[in-house]
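# Analysis of the macromolecular model
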Amino acid sequence: MEHVSRRRFLTTATGLAGILAAGVSPARGQQRQVSYLCWNNFAPASDKKLAEIGQRFAKDTGIKLKIDHIAAPQQAAKYASEVQTQAGHDVVEMRMHFPWLYEPQLVDVSDLVAEMEKKYGAVIPSARETANVKGVWRAVPQYHAFFVAAYREDLFKKASLKTPDTWEDLYAVGKELKKMGHPIGIPISQNYDSISTAGPVLWAFGGMEVDKDGKTVRINSPATEQMVEWYRKIYRDCMEPEVLSWTDASNNESLQQGKAGWIHNPVSAYIVARNNKLPTADGINHHKSLAGQNGQRHETDAPRHIGIWKFSKNIEPSKEWIRYLLGKREVYDEYIMSGDAFNLPVYANLQDHPVLKTDPKFAALKQEGVQFHCYGWPAPASDKVQLITNSFILPNMLAKAVTGTSTKEVVAWADGEMKKIIAE
Amino acid sequence: MAIGGVRAVAAQAPASIRARLSVLLDRDRVLGPLFVSPALFLLLLLVAYPFCMAMYFSVSNAFIGRPSHLVGFVNFINLWKSDAFRQTFQNAFVFTGAAVACKIVLGLSLALLLNEQLWWKRAIRGAVLLPWVIPTALSTLGWWWMFNSLYSVVNWTGIAMGLMDPPGPNWLGQKYYAMTAVVLVNIWRGLPFFAITILAGLVAIPKELYEAAHADGAGTVARFWYVTLPLLKPVLAIVVLFSTIFTFSEFNIVFVLTHGGPVNSTHLFATLARQIGLESGRIGEGAAISLYLFPVLALVVYAQLRFVRKEVY
């Protein structure tokens, strides 16, 4: 064993004690690094591309990048533990109203968003609603995946059915589809896809859950009653009871496996069918979002953003990573292209993105005249709106209605549940 | 002389420390706590600390990443106003009652069967443990496929055998079926724990008692009723106690199979606590949901442990 002199021992021990006390490693030889936590993208090629871009970023900037992925249902628990322990990743992917929930823990990234808007135009409304918290950008809008109408074009042609233009048209078409053994597939269960359809239907009938002030519950209205009645008849005549047990993936599977004739979902259902060469892929297509009685077309949008934790010790390198991924046009384009039209740009000037021309079946994704909003609109995003969403009040109201409870009763129940949350 | 005496004491000093340490370690009052202290430290770190934190959260308005302050029992009172919570409260008792009752009856039957001279006895005993050994989330995913509306092998078999009318029961979409499904999976998962533990109790019963009962003319039922059951009581009490606690705090099965639906009809305390505490950031309310039954369960534990002590001693 090498002899350690008293002087050397004391020098090492004092140095170590200093590092432990300061909690910071010595600058000499220290490499700048960033850790990034994001979800397992429903378009897996996008994750591969992200890793590739990450390697180039490390090479170009000398900043080491560590990318970790996590399944979407585990995100909330993981983020909560990172915030509570004030330790974990530097950069995190944010979905739904996350920037509002974690507002005090997120770095102000308004400077980064300003740079992006200068290059690509204004951030689209749904991304602004969710990432801009009380005038401050708490996360940088990254991409969005919105809902569209996905249908079996081959079945429609076979039965000489016209693609529906309104939710009422869908009811007429749905009756025929069910008779053909290909029912409509709209989930009415405790998952986010259920809310993603219930929201646009409610908005198209002129209803809302909570008003713009974020305080007044408006669910108890004639518009909601009309919407409930629409759901009641479409469930009875155009769907099967299985929709009451569906998960977020069930409608995709039903369309891909050849059962459902029409579903409301992002393009992922088609992309998976096409990439896996399923027999149904050729017959699937998309059409424009449906209009309500007021002529308005709405869609649920779930934009994703990138935020930086305040407890991060690598805020500047983190910003460099975001600039590299989103701020360089060629890199951002490359990233968007890898998502196969599932991850679309969230900036106004990029809406007619080349990715939409990679497959003729993406043509309907241009969606001019359709309004995109996140859950709970028109109420501003908040922890209370998020709790209303997470409590699945809207789909539970509909599930109660379609299984026999009266419309008045279910609307009053939803009203009571929402008011309790808002009042707390 | 004096100098020599000092030298002698100095030379003996290390030996005397060792001797004193040896004497000290010979005392039960010192050695016992010393051996227990690592386990105690781990318990304090991994059980007591999180428990105390949960207690604090439950009486505070804690929200993820924001400063919080004490609010007393407001969370517990407000929860009772929520329809979802009241439904969860009811579900927890129905789920636990049905699952534990079935596990007692089936576990006892399985243990009695395993106690018989069977071929491949060891292999069968090993196989019985499988549901308990496989990670719950993984095995529940298998069940989810079996109950899935599109691919349900249960319905497919039932329809093929003429036992069900197509399309078969909507297992996870109708509240009574959904509760049946989650109870069924819990029984499947928990049965080995009952069977193997009861089997250990059965093996420990002296054969002489059965021989004596047989000599006195006792039949199979009488031997079970007057010999087996009374001697199994302490084991049964412990198994029921543990199972009741585990079943009340079940999470994986419900989360994977139904996510608490349809219309909250299968939510349990753990799944609702996750929904409110983690997904919506309301840690205070989430902790209150988790701890709602703590006083009741603590009483159950106390009563059952008292019963066990009375039976054993």
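Residues numbered from 1 in each chain as written. Chains lettered and ligands numbered in written order. Predicted model: local features only at pLDDT ≥ 70, side-chain atom pairs only at ≥ 80, totals over all residues. Heavy atoms only, no water.

## Some points on the overall build of chain A
A count of helices and strands for chain A gives 17 helices and 12 strands. The C-alpha atoms of chain A give a radius of gyration of 24 Å, which matches the 22 Å a tight globule of 424 residues would have. Principal-axis analysis of the C-alpha atoms gives chain A an extent of 90 × 50 × 45 Å. The buried share among the 424 residues of chain A stands at 59%. If you take every contact in chain A between residues at least 6 apart in sequence, the share linking residues at least 24 apart comes to 77%. As displayed, chain A has an accessible area near 17100 Å², and 54% of this comes from carbon and sulfur atoms. The positive charge centre, built from 51 side chains, and the negative charge centre, built from 48, are 4 Å apart in chain A. (Helix = DSSP H or I, 4+ residues; strand = E, 2+ residues; numbered from the N terminus. Rg over C-alpha atoms; globule rule 2.2 N^0.38 Å. Buried < 20%, exposed > 50% of the residue type's maximum accessible area, 1.4 Å probe, protein only. Contact = heavy atoms within 4.5 Å. Areas by Shrake-Rupley, 256 points an atom, 1.4 Å probe, with all protein chains shown as cover. Lys, Arg positive; Asp, Glu negative; His and termini not counted. Charge placed at Lys NZ, Arg CZ, Asp CG, Glu CD.)

## A few points about the interface of chain A and chain B
If you look at the interface, chain A gives 39 residues, while chain B gives 35 residues. A combined buried area of about 3000 Å² lies between chain A and chain B, and 51% of that area is made up of carbon and sulfur atoms. Applying the counting criterion to the chain A and chain B interface returns 1 salt bridge. Two residues, B:Arg282 and A:Asp383, come together in a salt bridge whose shortest N-O distance is 3.8 Å. (Buried area = accessible area lost by both parts, 1.4 Å probe. Salt bridge = Lys/Arg side-chain N within 4 Å of Asp/Glu carboxyl O.)

## Quick word on the pattern of salt bridges
Using the criterion set out here, one finds 33 salt bridges over all chains in the structure. If you follow the salt bridges from partner to partner, you end up with A:Lys49, A:Glu52, A:Arg56 and A:Glu334 in one network.

## Let's talk about empty space enclosed by the protein
The method is simple in principle: a probe with the dimensions of a water molecule rolls over the atoms, and the space it marks as empty is what remains. Following the criterion strictly, the structure yields 5 cavities of 30 Å³ or more and no others. Counted as a void, the largest cavity has a volume near 70 Å³. Per element, the largest residue contribution to the lining of the largest cavity is 4 residues, and it comes from helix α13 (residues 269–279) of chain B. Residues belonging to the lining of the largest cavity are distributed by class as follows: 2 nonpolar, 5 polar and 2 charged. Looking at the second largest cavity, the residues that line it are A:Ser245, A:Trp246, A:Thr247, A:Ser250, B:Trp144, B:Asn148, B:Ser149 and B:Leu172. In the lining of the second largest cavity, the residues fall into 3 nonpolar, 5 polar and no charged. (1 Å grid on protein atoms, 1.4 Å probe; cavity = no way out; pocket = protein on both sides within 12 Å on 5 of 7 lines; lining within 4 Å. Points joined across faces, edges and corners; volume = space filled by probe spheres on them. Nonpolar A, V, L, I, M, F, W, Y, C, P; charged D, E, K, R; others polar.)

## Digging into the packing of aromatic side chains
Summed over all chains, the structure comprises 49 aromatic pairs over all chains. On the numbers, 6.0 Å between centres and 50° between planes, the contact of A:Phe42 with A:Phe342 is tilted. Of this pair, A:Phe42 sits in the loop between β1 (33–39) and α2 (44–61) while A:Phe342 sits in the loop between α14 (329–338) and β12 (370–373), and the two are 300 residues apart along the sequence. Both rings, one in B:Phe93 and one in B:Phe248, keep their centres 5.3 Å apart while their planes meet at 80°; by these two values the pair is edge-to-face. Remark: B:Phe248 occurs in helix α11 (residues 220–248) and B:Phe93 occurs in helix α4 (residues 83–114); sequence separation between them is 155 residues. Among the residues examined, B:Phe93 registers a relative accessible area of 38% and is labelled partly exposed. Residue B:Phe248 is classed as buried on the basis of its relative accessible area of 10%. The structure contains a cluster of three or more aromatic residues connected by ring pairs, namely B:Phe73, B:Phe76, B:Trp80, B:Phe85, B:Phe89, B:Phe93, B:Phe248, B:Phe269 and B:Tyr292. Across from the ring centre of A:Tyr171, 4.7 Å away, lies the NZ or CZ of A:Lys233, which sits over that ring. Here A:Lys400 stacks its cationic end above the ring of A:Trp413, 4.6 Å away from the centre of that ring. (Phe/Tyr/Trp six-rings, centres within 6.5 Å; stacked < 30°, edge-to-face > 60°. Lys NZ or Arg CZ within 6 Å of the ring centre and 35° of its normal.)

## Observations regarding the packing of helix α3 (residues 72–85) of chain A against α13(B)
Between α3(A) and α13(B), whose axes approach to 9 Å, the crossing angle comes to 60°. By the criterion of interaxial angle, the relationship of α3(A) to α13(B) is oblique. Every pair of crossing elements has a handedness; the one defined by α3(A) and α13(B) is left-handed. When α3(A) is examined against α13(B), the residues A:Pro73, A:Gln74, A:Ala76, A:Ala77 and A:Ala80 are found in contact with a partner set consisting of B:Arg274, B:Leu278 and B:Glu279. (Axes fitted to C-alpha atoms, helices over the stretch in contact; angles between N-to-C directions. Parallel < 35°, antiparallel > 145°, perpendicular 65-115°, else oblique. Left-handed = near helix turned anticlockwise from the far one by under 90°.)

## What to know about the sheet that holds strand β10 (residues 284–287) of chain A
All names here are of chain A. The strand order β8-β9-β7-β10 describes an open sheet built from 4 strands, whose pairing is mixed. The open sheet has two edge strands with one neighbour each: β8 (184–185) and β10. Sheet topology places strand β7 (residues 148–152) next to β10; 4 bridges connect them, and they run antiparallel. Following the sheet pairing, Ala150 is matched in β10 by His286. Strands in contact with helix α8 (residues 167–179) are β8 and β9 (262–265); relative to β9, the strand with the most contacts, it is inclined by about 135°. (Pairing = 2+ DSSP bridges.)

## Comments concerning the nonpolar core
Core analysis: the largest hydrophobic core is formed by 172 residues, its most contacted members being A:Tyr102, A:Ile188, A:Met227, A:Trp230, A:Trp262 and A:Met397. Not counting residues up to four positions away in its chain, the partners in contact with A:Met397 are A:Ile219, A:Thr224, A:Met227, A:Val228, A:Val410, A:Val411, A:Trp413 and A:Ala414. By size, the runner-up hydrophobic cluster in this structure holds 21 residues, among which are B:Ala111, B:Ala195, B:Leu229 and B:Val240. (Core = buried A, V, L, I, M, F, W, Y, C linked by side-chain atoms within 4.5 Å.)

## Observations concerning α13(B)
All names here are of chain B. In terms of burial, α13 is a largely internal element, 9 of the 11 residues being buried. Taken together, the buried positions of α13 are occupied by Phe269, Thr271, Leu272, Ala273, Arg274, Gln275, Ile276, Gly277 and Glu279. Once α13 finishes, Gly281 follows within two positions and takes phi at roughly 80°, a positive value.

## Some words on the domain arrangement of chain B
Residues and elements named next belong to chain B. Along its sequence, chain B is carved into domain 1 (2–58) and domain 2 (78–308). Across the contact, 5 residues belong to domain 1 and 6 residues belong to domain 2. Counting the surface domain 1 buries against domain 2, the share from its top three residues, Phe51, Phe57 and Ser58, is 77%. Inspection of the region where domain 1 meets domain 2 yields 0 salt bridges. Here domain 1 and domain 2 share 0 residue pairs in polar contact (both at pLDDT 80 or more) between them. A class-by-class count of the residues in the side of domain 1 that touches domain 2 yields 4 nonpolar, 1 polar and no charged. (Domains from an automatic or database assignment. Polar contact = N/O pair within 3.5 Å; in protein donor to acceptor, adjacent residues only side chain to side chain.)

## Considering unusual backbone geometry
That bond from B:Pro166 to B:Pro167 is cis: its omega, 5°, falls within 30 degrees of zero. Positionally, B:Pro167 belongs in the loop between α8 (153–160) and α9 (175–203). The step from B:Gly261 to B:Pro262 runs through a cis peptide bond, and the omega angle for that step is -10°. When you line up the elements, B:Pro262 lands in the loop between α12 (252–257) and α13. A positive phi angle, close to 55°, is found at A:Lys277, a residue other than glycine.

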